[in-house]
Every structure is written in C-alpha cells, then in structure tokens.
Amino acid sequence: MSEAMARAASARGARQRAQTRAALIKAAQRLLAEDRAHVAILEITQLADVGMGSFYNHFESREQLFEAAVDDALEQQGAFLDLVTTDLDDPAEAFARSFRMVGRLHRLVPELSKVMLSHGAALVASDHGLAPRALRDIAAAVAAGRFRDVEPTAALLIVGGAALTLGEHLHQHPEVDDAALTDTVTQSLLVMLGLSIEEAHAVVSQPLPGPGGPLDELLAEIRPA
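This is a predicted model, so every value here is computed, not measured.

Draft legend 1. Focus on unusual backbone geometry. For D49, which is not glycine, the phi torsion reads 60° and is therefore positive. Judged by relative accessible area, which is 70%, D49 ranks as exposed. The phi angle at D149 is positive, at roughly 55°, despite the residue not being glycine. Inspection of the secondary structure puts D149 in the loop between α7 (130-143) and α8 (152-172).

Draft legend 2. Inspection of the environment of V185 at higher detail. Along the chain, the position of V185 falls in helix α9 (residues 178-193). C-alpha separation for the pair V185 and A163, spaced 22 residues apart in sequence, amounts to 9.0 Å. Residues contacting V185, with those up to four places away along its chain left out, are F99, A162 and L166.

Draft legend 3. Here's a closer look at empty space enclosed by the protein. Evaluation of the coordinates by the stated rule reveals 2 cavities of 30 Å³ or more. Its boundaries defined by the atoms lining it, the largest cavity holds a volume of some 190 Å³. Along the wall of the largest cavity there are 19 residues; nearest its centre are Q77, L123, L130, A163 and L164. Those elements giving two or more residues to the lining of the largest cavity turn out to be α4 (62-85), α5 (91-108), α6 (110-117), α7 and α8. Ranked by residue count, the leading element in the lining of the largest cavity is α8, at 5 residues.

Draft legend 4. Inspection of the pattern of salt bridges at higher detail. For the structure shown, the criterion picks out 14 salt bridges. Across the salt bridge formed by E63 and R62, the nearest N and O atoms sit 3.4 Å from each other. Within this structure, R30, E34, R36 and E43 form a network of salt bridges that share partners.

Draft legend 5. Expanded view of α8. Its 21 residues place the ends of α8 30 Å apart at the C-alpha level, agreeing with the 30 Å of an ideal helix rising 1.5 Å per residue. Those residues of α8 that fall on the buried side of the exposure criterion are P152, A155, L156, V159, G160, A162, A163, L164, L166, G167 and L170. Looking at the buried residues of α8, the elements they touch are α5, α6, α7 and α9. Between a side-chain oxygen at the N-terminus of α8 and the backbone nitrogen of T153 the separation is 3.1 Å; the capping residue is E151.

Basis of the calculations
- Residues numbered from 1 in each chain as written.
- Predicted model: local features only at pLDDT ≥ 70, side-chain atom pairs only at ≥ 80, totals over all residues.
- Heavy atoms only, no water.
- Buried < 20%, exposed > 50% of the residue type's maximum accessible area, 1.4 Å probe, protein only.
- Helix = DSSP H or I, 4+ residues; strand = E, 2+ residues; numbered from the N terminus.
- Contact = heavy atoms within 4.5 Å.
- 1 Å grid on protein atoms, 1.4 Å probe; cavity = no way out; pocket = protein on both sides within 12 Å on 5 of 7 lines; lining within 4 Å.
- Points joined across faces, edges and corners; volume = space filled by probe spheres on them.
- Salt bridge = Lys/Arg side-chain N within 4 Å of Asp/Glu carboxyl O.
- Expected span 1.5 Å × (residues − 1).
- Polar contact = N/O pair within 3.5 Å; in protein donor to acceptor, adjacent residues only side chain to side chain.

So this is what it looks like as structure tokens:
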C-alpha cells in the first residue's frame, strides 16, 4: 500500500470512529431525555445502530458514555451562547441575553434541555454550558460597576438554581408562556444583582437574535437532516 493510500485509509478510519462515537452520544442523549439512563449497553448500541464491540472502543462504561453525552450537550449550549452574545459589550446585557435564550431553549429544543436537566445541580459546577459563562459575565459586570454588592460565585449559585427550576417548571407546565416567564425571572435576577427595576426592564426588553443565525445552527446540530 502506498503512503497516500495509507493516509486515505487512516482518514476513513478516523471518520468512521468519529461517526460511531457521535452515534453513541446521540443515542445516550435520547435516552437521558427519556429518563432511561439505566438501559443495557446492548440497547444503547442498537439505538445507535453500531456493533456491540464498537462501544468499548470508545467508552469503558455506560456511565462514562452518559457523562460524555451531558458534556456534549453543554458544549452545544455553550457554543450557542457565545454566538448569540458576541455583539454585546455590556456584560450585564450578555448575562441577561444568555439567561433569556437558555430559558427559551427548554421549549425550542426540549431534547437538549432534558439532557442538561438530567444532570441536575451538578450543572452549576460544570466547566461547560451556562455556568462558566454566567460566572464570567457576573464577574465582569461587577468589575464594570453594573452589578453591585454581589459576590460572583454566590450569585452563580442563585442563578443556576433559577435556571434549573425554570426549566423543570416549563416542562411540567406546557401551558405557561415560556418567553414571558423567562423574561420575568431574568428581570428579577438583574434587580437582585444590582440593577434598578428600570435598568433591568430596559435590558430585558432588548430584542433577541431571531431565526437564520445561531439558533438554526443549534437546531441543525441537534436534529440533523
């Protein structure tokens, strides 16, 4: 086999391995969203349409796979939040937009939402997703004088708890207007963090990114054609 053929074969193998791993992660995310985290590995591989032996080429255990599935979901969320806040200079506005978008994701992409909520309070301590970005924006807003009398880590615990309970409430009460409730919670958080009611209302009244941008990219990632 020539060197060029060997490189091509190696590239094909790498693509196949990546596709298999992605299929296993997607299957695990589906099971987490359905609250079925205790199924047998055989059922996972069948759902992913991969061979049983392929599982152990990528993961040592079912628990390791589900941890990777949650991390993948959080990375998707984090990349999305980075994209929708990239045009903002005010960290208070960046925090508010991120929280408002995350609140809407519970209904827009319930699959992603349920995967993240399945991890519960551990999300607040995660290095991925909303938590590190919220902490970054809270700390920046404190440094800029936008948030006052706030300790960033303590504030993150409150914000994280609000995000989790908001998501659970929206899933349990489909009749609730998710956008209105999310914006009300966001405004209350902004006031708690030090903005006046008028300032908080003005921030929450700002338009959010619409279709045709990062949201479409996120939907395509979660629901590939």
